[in-house]
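Now for the letters of each chain:
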Amino acid sequence: PQTIEAISHAKAAEVPIVVAINKIDKEGAQPDRVKQELTNYGLTPEEWGGETIMVPVSAIKGENLDTLLEMILLVAEVEELSANPDRPAKGTVIEAHLDKAKGAVATLLVQNGTLRVGDILVAGSVFGKVRAMIDDRGRKVEAATPSFAVEVLGLSDVPAAGDEFEVFHNEKEARALANDRAEKQRQSRLMQGRVTLAAISAQAQEGELKELNLILKADVQGSVEAIVGSLKQIPQNEVQIRLLLAAAGEITQTDIDLAAASGAVIIGFKTTYASEAGVDVREYNIIYKLLEDIQGALEGLLEPELVEEPLGQAEVRAVFPVGRGAVAGCYVQSGKLVRNCKVRVRRGGKVVYEGILDSLKRMKEDAREVNTGFECGVGIDKYSDWTEGDIIEACQMVTKRRTLSAAAR
């Protein structure tokens, strides 16, 4: 979804697009299928008569990376794309995380202008003053020109990957903008968690909708986005995830207090925190294990369903009149017959009666159950129309835990 959104933004802004189709080294990779699907979004490969350059690459093996770079440079030259280094910098946050020693650290890609140590910037809703910059080789630099990516220290908080940043000359103006954006985000989160009468009405009509309150903290913003994206793929028809907070950084006392007040579970990915009484803190290092546990918790919120479980089958071999009714002399062919179980009588493949097995005898003695290979007498208060050759199917109703995939159908 993020890739398609980026494509849509680029097309709307009439920005030239070069597509890198990654992971071609993996077994079963289908670059042509990816190209075919991209045509649905108005991107047709050059080799298919379109105008979009598409380069299959393998990042892990370095395959075709030189070709990709050549194509990017070619498009930039043909389209006469250029940036002005003599202006305040602006660009995009590539990654961000909270370092115990350094504080908030963000990797910024400068797309226009020049970023310098001491510059005042706003990245999304985060205010900061560049205290230091480190390039891709771990060296401290004083300035970063267009197309350079640098790690920046000095931000007040961890911005989100994909946020745009811009340098301001006026610190007061920058702080005001950051505070305004932060307040809008806070209000948006509050609105997401707010229960309305319309929502209550809808839930009443569709059945009770249960929620699992979560607080997510991860080592870097990229991990947060990956986990949030995966959580959204979990079916949430009858139960849903209510994400109270999703942010990069260590688990703090504020997170613990929020979890205690809202009855939430704290999910930490590659974070550390001492256990707190009354608050469930789960720590993970592998995303799929995290998702498995969340899905299991959601399935635990689903109401169990009653399903029919077969018990056994018997054949009627003789019919004995008893008073105004009749008893069927049977041979248990498979499984077992259990007194008071549900039975279905079949004759010629058709069901002629369904009811409860009221009486079960073995050698004239009442029996609780009769197993395969034994004879027994079967009596049903409301049914006496037995015929030799009838098949009795016995079953019982059991509660079974439901899965999210079944609930989504």
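See the structure above.
Residues numbered from 1 in each chain as written. Predicted model: local features only at pLDDT ≥ 70, side-chain atom pairs only at ≥ 80, totals over all residues. Heavy atoms only, no water.

Participant: Can you explain the overall build of the protein? Please cite residues and give values.
Facilitator: Check the secondary structure of the protein and you find 9 helices and 24 strands. Within the span of the protein, comprising 409 residues, buried residues form 34% of the whole. A fraction of 63% describes how many contacts in the protein between residues 6 or more apart in sequence connect residues 24 or more apart. Carbon and sulfur atoms provide 49% of the accessible area of the protein, an area that totals close to 24,500 Å². (Helix = DSSP H or I, 4+ residues; strand = E, 2+ residues; numbered from the N terminus. Buried < 20%, exposed > 50% of the residue type's maximum accessible area, 1.4 Å probe, protein only. Contact = heavy atoms within 4.5 Å. Areas by Shrake-Rupley, 256 points an atom, 1.4 Å probe, with all protein chains shown as cover.)

Participant: Give a detailed account of the packing of aromatic side chains, specifying residues and quantitative values.
Facilitator: Summed over all chains, the structure comprises 2 aromatic pairs. Taking the centre distance of 4.7 Å and the plane angle of 20 degrees together, the rings of Tyr353 and Tyr383 count as stacked. Placement of Tyr353 in strand S19 (residues 350-356) and of Tyr383 in the loop between strand S23 (375-379) and strand S24 (391-400) is noted, with a sequence separation of 30 residues between them. The class for Tyr383 is buried, based on a relative accessible area of 9%. Taken together, a centroid distance of 5.1 Å and an interplanar angle of 85 degrees make the contact between Tyr383 and Trp386 edge-to-face. Considered together, Tyr383 and Trp386 belong to a single accessibility category, that of buried residues. Feature note: the residues Tyr353, Tyr383 and Trp386 constitute an aromatic cluster, connected by ring pairs. (Phe/Tyr/Trp six-rings, centres within 6.5 Å; stacked < 30°, edge-to-face > 60°.)

Participant: Run through the pattern of salt bridges, naming residues and quoting values.
Facilitator: With the rule as written, the count across this model stands at 19 salt bridges. Its salt-bridge partner being Arg175, residue Glu171 comes within 3.2 Å of it at the nearest N-O pair. Placement of both Glu171 and Arg175 in helix H4 (residues 171-193) is noted, with a separation of 4 residues, approximately one turn of the helix. What makes Glu171 partly exposed here is its relative accessible area of 34%. Salt bridges here are not isolated pairs; linked through shared partners, they connect Glu308, Lys342, Arg344, Arg346, Glu354 and Glu393. (Salt bridge = Lys/Arg side-chain N within 4 Å of Asp/Glu carboxyl O.)

Participant: Any chance you could break down the sheet that holds strand S12 (residues 210-218) for me, citing the residues and the numbers?
Facilitator: With parallel pairing, 4 strands are arranged side by side in an open sheet as S13-S12-S14-S15. The open sheet terminates on both sides in strands that have one partner only, identified here as strand S13 (239-248) and strand S15 (281-284). Averaged over all pairs of adjacent strands, the angle between their axes in this sheet comes to 25 degrees, without regard to strand direction. With 9 bridges connecting them, S12 and S13 associate as parallel partners. (Pairing = 2+ DSSP bridges. Axes fitted to C-alpha atoms, helices over the stretch in contact; angles between N-to-C directions.)

Participant: Help me get a handle on the side chain of Asp135, residues and values and all.
Facilitator: Mapped onto the fold, Asp135 is located in the loop between strand S7 (126-134) and strand S8 (140-141). A relative accessible area of 12% means that Asp135 is categorised as buried. Looking at Asp135, its side chain comes within polar contact range of the main-chain nitrogen of Arg139, at 2.9 Å. Ignoring sequence-local partners within four residues, the contact set of Asp135 consists of Val141, Ala149 and Val150. (Polar contact = N/O pair within 3.5 Å; in protein donor to acceptor, adjacent residues only side chain to side chain.)

Participant: Hey, could you go over the nonpolar core for me, with residue numbers and the actual values?
Facilitator: Grouped together as the largest cluster of nonpolar side chains are 43 residues, with contacts concentrated most on Leu115, Leu121 and Ile294. Counting residues in hydrophobic clusters, the runner-up holds 24 residues, among them Val316, Val338, Leu357 and Ala394. (Core = buried A, V, L, I, M, F, W, Y, C linked by side-chain atoms within 4.5 Å.)

Participant: Tell me about the pairing of S24, residues and numbers included.
Facilitator: Sheet topology places strand S16 (residues 305-322) next to S24; 10 bridges connect them, and they run antiparallel. Along S24, the bridge assignment pairs Glu309 with Gln396.

Participant: Which residues make up the layout of surface pockets, and what values do they have?
Facilitator: A volume near 360 Å³ is recorded for the second largest pocket. Forming the walls of the second largest pocket are 16 residues, and the residues nearest its centre are Pro16, Ile17, Glu51, Thr52 and Ile53. Sort the elements by how many residues they give to the lining of the second largest pocket and helix H3 (residues 65-78) lands first, with 3 residues. Taken together, the residues that form the lining of the second largest pocket break down as 8 nonpolar, 4 polar and 4 charged. (1 Å grid on protein atoms, 1.4 Å probe; cavity = no way out; pocket = protein on both sides within 12 Å on 5 of 7 lines; lining within 4 Å. Points joined across faces, edges and corners; volume = space filled by probe spheres on them. Nonpolar A, V, L, I, M, F, W, Y, C, P; charged D, E, K, R; others polar.)

Participant: Summarise helix H7 (residues 253-262); cite the residues concerned and give the values.
Facilitator: Those residues of H7 that fall on the buried side of the exposure criterion are Asp255, Ile256 and Ala259. Buried residues along H7 cover an arc of 100 degrees about the axis, so they all sit on one side. Exposed side chains of H7 directed beyond 90 degrees from the buried face belong to Thr254 and Ala261. In this structure, the buried residues of H7 make contact with S12, S13, strand S14 (265-269) and S15. Taken from the residues just after H7, Gly263 is the one with a positive phi, measuring 70 degrees. (Arc of directions from axis to C-beta.)

Participant: Quick one: what's the story with helix H8 (residues 287-301), residue by residue and with numbers?
Facilitator: An α-helix turns once per 3.6 residues; consequently, residues spaced three or four apart project the same way. With 15 residues, H8 ought to run about 21 Å at 1.5 Å a step, and its terminal C-alpha atoms sit 22 Å apart, in line with that. Taken together, the buried positions of H8 are Leu290, Leu291, Ile294, Leu298 and Glu299. (Expected span 1.5 Å × (residues − 1).)

Participant: Quick one: what's the story with the pairing of S12, residue by residue and with numbers?
Facilitator: Most of S12 is tucked away, with 7 of its 9 residues classed as buried. At this point the chain moves from S12, through helix H6 (residues 221-232), to the parallel S13, and the crossover so formed is right-handed. Of the pairings in the sheet, the one linking S12 to S14 comprises 5 bridges and is parallel in character. In the strand pairing of S14, Lys217 is matched with Gly268. (Right-handed = clockwise from strand over helix to strand, strands pointing away.)

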